[in-house]
Amino acid sequence: MNRPVIVTDIARADAATVDALAGHGVATVHEAMGRTGLVGPGIRPIQDGARTAGTAVTVLQAPGDNLMIHAAIEQCQAGDILVVATTSPSTDGAFGDLFATALTARGVRGLVTTGGVRDIADLRDMGFPVWSRAVHAQGTVKATPGSVNVPVVLDGAVVHPGDVVIADDDGVVVVPRASAAAALAAADARVAKESADREAYGSGRELSLDRKGLRPLLAELGVTYLSQAEYDDGGR
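What you are looking at is a predicted structure, and each value in this text was computed from that prediction instead of being measured. (Residues numbered from 1 in each chain as written. Predicted model: local features only at pLDDT ≥ 70, side-chain atom pairs only at ≥ 80, totals over all residues. Heavy atoms only, no water.)

Draft legend 1. Structural detail: the sheet that holds strand S6 (residues 116-117). Taken in spatial order, the 3 strands of this open sheet run S4-S6-S8, and their pairing is parallel. At either margin of the open sheet sits one strand with a lone partner, and together these are strand S4 (93-95) and strand S8 (134-135). Note that S6 and S8 share 2 bridges and pair parallel. Its bridge partner lying in S8, valine 117 is registered against valine 135. (Pairing = 2+ DSSP bridges. Helix = DSSP H or I, 4+ residues; strand = E, 2+ residues; numbered from the N terminus.)

Printed below as a string of structure tokens:
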């Protein structure tokens, strides 16, 4: 469907699952899902230390125009993250502290956008977390129709309304709504494994080469161990 629409009754991922995924963070969930769902590195946090997850309310809008963000606020509810993409590249500052004030009142947990944001000092003081492509004071208009709660693309990752969006200092990852429970189970298992690895490495009992069984792989790939004298002699 190409005509502008506002979808009002989206299905959302289970709230408890979303909160549990937030605790694991972007890198762990991305790896647990088989290295899928990661948003490209062009979308970066404007603050340090924030970690959140929520269900996606999506916006597809024209460059230099924030009309559809105004429309999307009405569709947001507690536990959501607003996800904004433009129909062509734009770094204009389409989002600022007034939008953040309205979203905070509705319990929205943050913003992820392929565009630009402004009022950065105010957003940080408010504690409203944002991940964006740019910080840019360029103003926008309210003139062009777009859509709310349709699939959008965030720097290579497809986001459907109601998907889980996890964001922290490492970036952003998207978990499809239907896969949220499986992703959580896989992330739980990964965390348990990494905890055991961390204990082994911290105690000095094992090296990762041995714990992960990598020595045979080095040999298979033709990597050899030489003394300094052997290396200086050309490995002969």
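Draft legend 2. Representation of empty space enclosed by the protein in the model. Scanning the model with the defined rule gives 1 cavity of 30 Å³ or more in all. Of the pockets and cavities examined, the largest cavity occupies roughly 90 Å³. Considering the residues around the largest cavity, the lining is formed by 17 residues, among which Gln61, Ala94, Thr113, Gly115 and Gly116 are closest to the centre. For the lining of the largest cavity, the class distribution of residues is 8 nonpolar, 7 polar and 2 charged. (1 Å grid on protein atoms, 1.4 Å probe; cavity = no way out; pocket = protein on both sides within 12 Å on 5 of 7 lines; lining within 4 Å. Points joined across faces, edges and corners; volume = space filled by probe spheres on them. Nonpolar A, V, L, I, M, F, W, Y, C, P; charged D, E, K, R; others polar.)

Draft legend 3. Here's a closer look at unusual backbone geometry. With a phi close to 60 degrees, arginine 35 is a non-glycine residue in the positive phi region. Inspection of the secondary structure puts arginine 35 in the loop between helix H2 (26-32) and strand S1 (44-45). The phi dihedral of asparagine 149 is positive, around 65 degrees, even though this residue is not glycine. Turning to its location among the elements, asparagine 149 is positioned in the loop between strand S9 (147-148) and strand S10 (152-154). With relative accessibility at 5%, the residue asparagine 149 sits in the buried group. (Buried < 20%, exposed > 50% of the residue type's maximum accessible area, 1.4 Å probe, protein only.)

Draft legend 4. Broad picture of the packing of helix H1 (residues 15-24) against helix H6 (residues 180-203). Packing of H1 against H6 leaves a shortest axis separation of 10 Å and a crossing angle of 35 degrees. By crossing handedness, the relation of H1 to H6 is classed as left-handed. Along its contact with H1, which presents Thr17, Ala20, Leu21 and His24, the element H6 presents Ala180, Ala181, Ala183, Leu184, Ala187, Asp188 and Val191. Partitioning the contact of H1 with H6 into residue classes produces 8 nonpolar, 2 polar and 1 charged. (Axes fitted to C-alpha atoms, helices over the stretch in contact; angles between N-to-C directions. Left-handed = near helix turned anticlockwise from the far one by under 90°. Contact = heavy atoms within 4.5 Å.)

Draft legend 5. A look at H6. Taking 1.5 Å per residue, 24 residues should reach 34 Å; H6 reaches 34 Å between its end C-alpha atoms and fits that length. Those residues of H6 that sit buried are Ala180, Ala183, Leu184, Ala187, Asp197 and Ala200. Contacts made by the buried residues of H6 are with H1, H2, strand S12 (164-168), strand S13 (171-175) and helix H7 (208-211). Once H6 finishes, glycine 204 follows within two positions and takes phi at roughly 80 degrees, a positive value. (Expected span 1.5 Å × (residues − 1).)

Draft legend 6. Summary view of the pairing of S12. Burial within S12 is extensive, with 5 of its 5 residues counted as buried. By the alternation rule, side chains of S12 split into Val164, Ile166 and Asp168 and Val165 and Ala167, which are all buried. For strand S2 (residues 52-61) and S12, the ladder comprises 4 bridges, and the chain directions are antiparallel. Considered in S12, the bridge of threonine 55 is made with valine 164. The pairing of S12 with S13 spans 5 bridges and is classified as antiparallel. What sits directly across from valine 165, in S13, is valine 174. Between the antiparallel neighbours S12 and S13 lie 2 residues.

Draft legend 7. Here's a closer look at the nonpolar core. In this structure, Leu82 and Phe95 are the most contacted members of the largest nonpolar core, which totals 24 residues. Mapped onto this core, the elements with two or more residues apiece are S2, helix H3 (67-73), strand S3 (80-86), S4, helix H4 (97-105) and helix H5 (120-126). The biggest single contributor to this core is H3, with 4 residues. In this structure, phenylalanine 95 is in contact with Ile69, Ala100, Leu103, Leu111, Gly116, Val117, Arg118, Leu123, Phe128 and Val130, ignoring residues within four places of it in sequence. By size, the runner-up hydrophobic cluster in this structure holds 19 residues, among which are Val5, Val152, Ala157 and Val165. (Core = buried A, V, L, I, M, F, W, Y, C linked by side-chain atoms within 4.5 Å.)

Draft legend 8. Focus on H4. Burial in H4 covers these residues: Phe99, Ala100 and Leu103. Along the axis of H4, the buried residues cluster in a sector spanning 100 degrees; they form a single face. Turned more than 90 degrees from where H4 packs its buried face, Leu98 and Ala105 sit exposed. Buried residues along H4 sit in contact with H3, S3, S4 and H5. Directly after H4, the chain includes glycine 107, whose backbone phi takes a positive value near 80 degrees. (Arc of directions from axis to C-beta.)

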